[in-house]
2 protein chains.
Amino acid sequence: MDKPFLDKLRKIDPYVPGEQPQATDVVKLNANENPYPPAPGVQEVLRTFDASSLALYPDANGRRLKAALAGRFGVKPTQVFLGNGSDDVLALAFQSFFCSDQPILYPDITYSFYPVWCDLFRIPYETVPLDADFCVNVRDYDRPNGGIVLPNPNAPTGRGVSLDFLEDLLQHNADCVVIIDEAYVDFGAQSAVPLLNKYENLLIVQTMSKSRSLAGMRIGYALGSETLIATLEAVKNSYNSYTMDALALAVGEASVKEEAYFQDTCRKVIATRERTAEELRALGFTVLPSLTNFLFVTHPKKDASVIFEYLRQKNIFIRYFKLPRIDNYLRITVGTDGQMDRLFAALKEFL
Amino acid sequence: MDKPFLDKLRKIDPYVPGEQPQATDVVKLNANENPYPPAPGVQEVLRTFDASSLALYPDANGRRLKAALAGRFGVKPTQVFLGNGSDDVLALAFQSFFCSDQPILYPDITYSFYPVWCDLFRIPYETVPLDADFCVNVRDYDRPNGGIVLPNPNAPTGRGVSLDFLEDLLQHNADCVVIIDEAYVDFGAQSAVPLLNKYENLLIVQTMSKSRSLAGMRIGYALGSETLIATLEAVKNSYNSYTMDALALAVGEASVKEEAYFQDTCRKVIATRERTAEELRALGFTVLPSLTNFLFVTHPKKDASVIFEYLRQKNIFIRYFKLPRIDNYLRITVGTDGQMDRLFAALKEFL
């Protein structure tokens, strides 16, 4: 059959989202989700929300949630941008800030969505190799570029950089926008927030998916200068004015208001992470230092893909990336202590 | 101050979302929102939703909502695409299907977002003038093009075209994707759904914002051939894999399941629309025939902008577009009978 309209379609390799195990009694340590529920105020928002108000459009500017975030971070509401998860924020930021012919730079081992956005938006890019220990060398970024995106801490390595490193990076890259992707920053890394009012070309992207246990609600945000945020808003409003639904706005606000619960949850995850790292080292694993809610590990005597498949059979789901340099590593999300105990038991059996 | 990074920012005219009146006791007839609440099952979903499940990512494929919509429209789930409101669906469709150097075509008077997306994605376009009565002439679209997008019924005119018209359009445009934007179709127009299995280049876009009273929840969808839907999914998954949050998916499903409530709500809006048209004609307005939840009207003796401002002072918000050909027209959303009575009273006072 002749289908002439096919010529006008976008040719793109389908990006396939990660595996979502359908079985029950699964230990799900593959998506860096938080094992604890969101702040109690979130359940209260859902229980008391008046459904009839959903007939009206939400506030396109998300004023209340922006005000809550501005208060938390000590910035102006006009320095806050909201998006439908941090992927939405990053996708809009790539379109908004990487508009030169020069290649943007990011590490060779990092969040796998960066090259996907570059391909989609036809942004030239170059990857910068991490060193043998998976550390970032700031001097590698001292070269002409169209922009920089760096996750801190990095994923899937879990390693973080210091505030001094970030300031050095910004000082040497005043002629481009530097995006610091802080999806995992709340688990112990140093945020770039103190640099916001000094560097107008700095954009910080965060998410409520990990540290605030709200992956299901799709709430991401960016903090930056009013110049950068205004550009993001213009592009967003030219794409979809109403990305945040009324419930996401209310739920996000409820979460931000419960700082003590948030801090407590992060502390629990960090404690379990440190205990897990110790246990895994005792089992012979090499464990990278992590400032995230996951651990990046390798075993000198066992093949990562074999461990991955073994655990999968036991209904324990972790993450294995068949990629250059890291194809003998495993990424393990930090769950509850009980979930980690099941992991240790299965690993002991295997080893 | 020297700001070299500014050169790398996207230059774009900020698109400003419509006015959201903040006062109370407002008659809000400016955003084509539904005056009735969503189906009762929606409130039940919110009341009983377990917030702890929000710690997990939502189903990126929205399987349950797709299955519900597929059942309602008699298509396969692989012929259904979900998005964060129909604006998200349309933005992705423009990126997915309008990838040639030929201009896409749409009416000169239509949804104001089309040129915004063309500018954002750098898609060439030509507008096709409606006739003097604001009707679409199908023969005007018999020319080389990169794609067609046509709202049926059209906005802000409210006029619809027949199924025969749509089939004629598709028969003469087999070499491009034809998008029929059915945001308002449930208020009396003929849907293109019966043509879906005959024309593989047809994409139908609908929304739950209007007829299902869920503007606050951001749920749009597209129906089309598996070829078109697969391309949309590939582009969407390269942009943001998780556009639909867990609550939007559950709320959408609950709405689709209450067909009788949905039909009843549409009937009530249509009845009030017909009564409103009669009342406005009695007041001397020229009222275009409408198949939507709004009326497009003009008064031979009074300036539209003056009527608009007068009503605004009375806390009655309608819509005025300062645009060529329609700058003496007003778009009035159909509210409850009580809301329309307040409108009539204010207009009588004014006239």
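Check the entry above for the structure.
Residues numbered from 1 in each chain as written. Chains lettered and ligands numbered in written order. Predicted model: local features only at pLDDT ≥ 70, side-chain atom pairs only at ≥ 80, totals over all residues. Heavy atoms only, no water.

Caption draft 1: A look at the relation of the copies chain B and chain A. Between chain B and chain A, which share one sequence, the superposing operator has a rotation angle of 180° and an axial displacement of 0.0 Å; the RMSD is 0.0 Å. The relationship between the two copies is best expressed as a two-fold rotation axis. For chain B, the residue whose C-alpha comes nearest the rotation axis is R47(B), separated from it by 2.2 Å. (Least-squares fit on C-alpha atoms with pLDDT ≥ 70 in both.)

Caption draft 2: Here's a closer look at the sheet that holds strand β8 (residues 220-224) of chain B. Residue and element names in this part refer to chain B. Strand order in this open sheet of seven strands is β2-β8-β7-β6-β5-β3-β4, and the pairing throughout is mixed. If you trace the sheet from one side to the other, it starts and ends with β2 (80-83) and β4 (125-128), each paired once. Between one strand axis and the next, the sheet turns by 20° as a mean value, whatever way the strands run. Where strand β3 (residues 104-107) and β4 come together, four bridges link them in parallel fashion. (Pairing = 2+ DSSP bridges. Helix = DSSP H or I, 4+ residues; strand = E, 2+ residues; numbered from the N terminus. Axes fitted to C-alpha atoms, helices over the stretch in contact; angles between N-to-C directions.)

Caption draft 3: Spotlight on the interface of chain B and chain A. Between chain B and chain A, the contact holds 86 residues from the first and 86 residues from the second. Three residues, K8(B), Y57(B) and Y239(B), lead the burial of chain B against chain A; their summed loss comes to 13% of the area buried on that side. On inspection of chain B and its partner chain A, the count reaches two salt bridges. Between E200(A) and K3(B) there is a salt bridge, with its nearest N and O atoms 3.1 Å apart. Inspection of the chain B/chain A interface yields 42 residue pairs in polar contact (both at pLDDT 80 or more). When contributions to the side of chain B that touches chain A are tallied by element, the ones reaching two or more residues are α1 (40-48), α3 (86-97), α4 (113-121), α6 (226-237) and α7 (246-257) of chain B. When its residues are assigned to classes, the side of chain B that touches chain A shows 48 nonpolar, 23 polar and 15 charged. (Contact = heavy atoms within 4.5 Å. Buried area = accessible area lost by both parts, 1.4 Å probe. Salt bridge = Lys/Arg side-chain N within 4 Å of Asp/Glu carboxyl O. Polar contact = N/O pair within 3.5 Å; in protein donor to acceptor, adjacent residues only side chain to side chain. Nonpolar A, V, L, I, M, F, W, Y, C, P; charged D, E, K, R; others polar.)

Caption draft 4: The arrangement of the pattern of salt bridges in detail. All names here are of chain A. Scanning the model with the defined rule gives 38 salt bridges over all chains in all. Of the charged contacts, one joins E44 and R47 as a salt bridge, the two residues approaching to 3.0 Å between their closest N and O atoms. Within this pair, E44 and its partner R47 are both found in helix α1 (residues 40-48), separated by three residues, close to a single helical turn. When its relative accessible area of 38% is taken as the criterion, E44 is described as partly exposed. (Buried < 20%, exposed > 50% of the residue type's maximum accessible area, 1.4 Å probe, protein only.)

Caption draft 5: Quick peek at the packing of aromatic side chains. As enumerated under the stated definition, the model contains 39 aromatic pairs over all chains in all. A centroid spacing of 5.8 Å and a plane angle of 90° characterise the contact between Y239(A) and F121(B), whose relative ring orientation is edge-to-face. Here Y239(A) is found in the loop between α6 (226-237) and α7 (246-257), whereas its partner F121(B) is found in helix α4 on a different chain. On the basis of relative accessible area, F121(B) is assigned to the buried category, the value being 17%. Site record: aromatic cluster; members linked through ring pairs are F94(A), F98(A), Y106(A), Y111(A), F113(A), Y114(A), W117(A) and Y125(A). In this structure, K268(A) packs its charged tip against the face of Y36(A), placed 4.2 Å from the ring centre. For K302(A), the ring lying beneath its charged end belongs to F350(A), and the centroid distance is 5.5 Å. (Phe/Tyr/Trp six-rings, centres within 6.5 Å; stacked < 30°, edge-to-face > 60°. Lys NZ or Arg CZ within 6 Å of the ring centre and 35° of its normal.)

This is a description of form; function is not addressed.
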